[in-house]
Amino acid sequence: MGLLNSEQAVLAILANIFFIGISFYALQALMLDRIIKKHHVFQAQLLFILASITIGSTVANFFLNLTAWSDQLQFLFN
């Protein structure tokens, strides 16, 4: 039995927020101070935010797709 549309929406929102947060935390381990130009702090922060959104959304979509596919495996054996 699959999830309802409202449950899928809540799960998708939570998964995206969770993985964006994790990717932002993981990106902070990189020392990009040597690459970024001086006096371009805002651009560097924006780059970190956009990169974490991209990575987090990709990982969240992977796990959401994996969940949906595993839910559909029951139709293979019926």
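On a predicted model such as this, the values are computed, not experimentally measured, just so you know.

Conventions adopted
- Residues numbered from 1 in each chain as written.
- Predicted model: local features only at pLDDT ≥ 70, side-chain atom pairs only at ≥ 80, totals over all residues.
- Heavy atoms only, no water.
- Helix = DSSP H or I, 4+ residues; strand = E, 2+ residues; numbered from the N terminus.
- Contact = heavy atoms within 4.5 Å.
- Expected span 1.5 Å × (residues − 1).
- Buried < 20%, exposed > 50% of the residue type's maximum accessible area, 1.4 Å probe, protein only.
- Polar contact = N/O pair within 3.5 Å; in protein donor to acceptor, adjacent residues only side chain to side chain.
- Phe/Tyr/Trp six-rings, centres within 6.5 Å; stacked < 30°, edge-to-face > 60°.

Trainee: How do you make sense of the side chain of Ser52 when you look at a structure like this?
Mentor: Within the secondary structure, Ser52 sits in helix H2 (residues 41-72). Contact partners of Ser52, with chain neighbours within four places excluded, come to Ile20, Ser23, Phe24 and Leu27.

Trainee: What's the story with helix H1 (residues 5-27) in this structure? I'm lost.
Mentor: A turn of α-helix holds 3.6 residues, and therefore any two residues three or four places apart point the same way. The end-to-end C-alpha distance of H1, which contains 23 residues, comes to 32 Å, matching closely the 33 Å that a straight helix rising 1.5 Å per residue would cover. Taken together, the buried residues of H1 touch H2.

Trainee: Can you help me understand H2 in this one?
Mentor: Its 32 residues give H2 an end-to-end C-alpha distance of 46 Å, which sits within 8% of 46 Å, the value for a rise of 1.5 Å per residue. Within H2, burial applies to Ala44, Phe48, Ser52, Gly56, Ala60 and Leu64. The secondary structure elements touched by the buried residues of H2 are H1.

Trainee: Explanation requested: the side chain of Ser23 in the structure shown.
Mentor: Among the secondary structure elements, Ser23 is positioned in helix H1. A polar side-chain atom of Ser23 sits 2.9 Å from the main-chain carbonyl oxygen of Ile20. Discounting residues that sit within four places of it in the chain, Ser23 has contacts with Ser52, Ile55 and Gly56.

Trainee: Can you walk me through the packing of aromatic side chains in this structure?
Mentor: Any aromatic ring pair is given by two values, namely how distant the centres are and how the planes are angled relative to each other. Applying the stated criterion across every chain yields a total of three aromatic pairs. Taking 5.2 Å as the distance between ring centres and 75° as the angle between the ring planes, the aromatic pair formed by Phe18 and Phe19 counts as edge-to-face. Taking the relative accessible area as the measure of exposure, Phe18 reaches 49% and is therefore partly exposed. Relative to Phe63, the ring of Phe19 has its centre 5.2 Å away and its plane inclined at 5°; by these criteria the two rings are stacked. Of this pair, Phe19 sits in helix H1 while Phe63 sits in helix H2, placing them 44 residues apart in sequence. Judged by its relative accessible area of 17%, Phe19 is buried. Classification of Phe63 as partly exposed rests on a relative accessible area of 38%. An aromatic cluster of at least three residues, connected via ring pairs, comprises Phe18, Phe19, Phe62 and Phe63.

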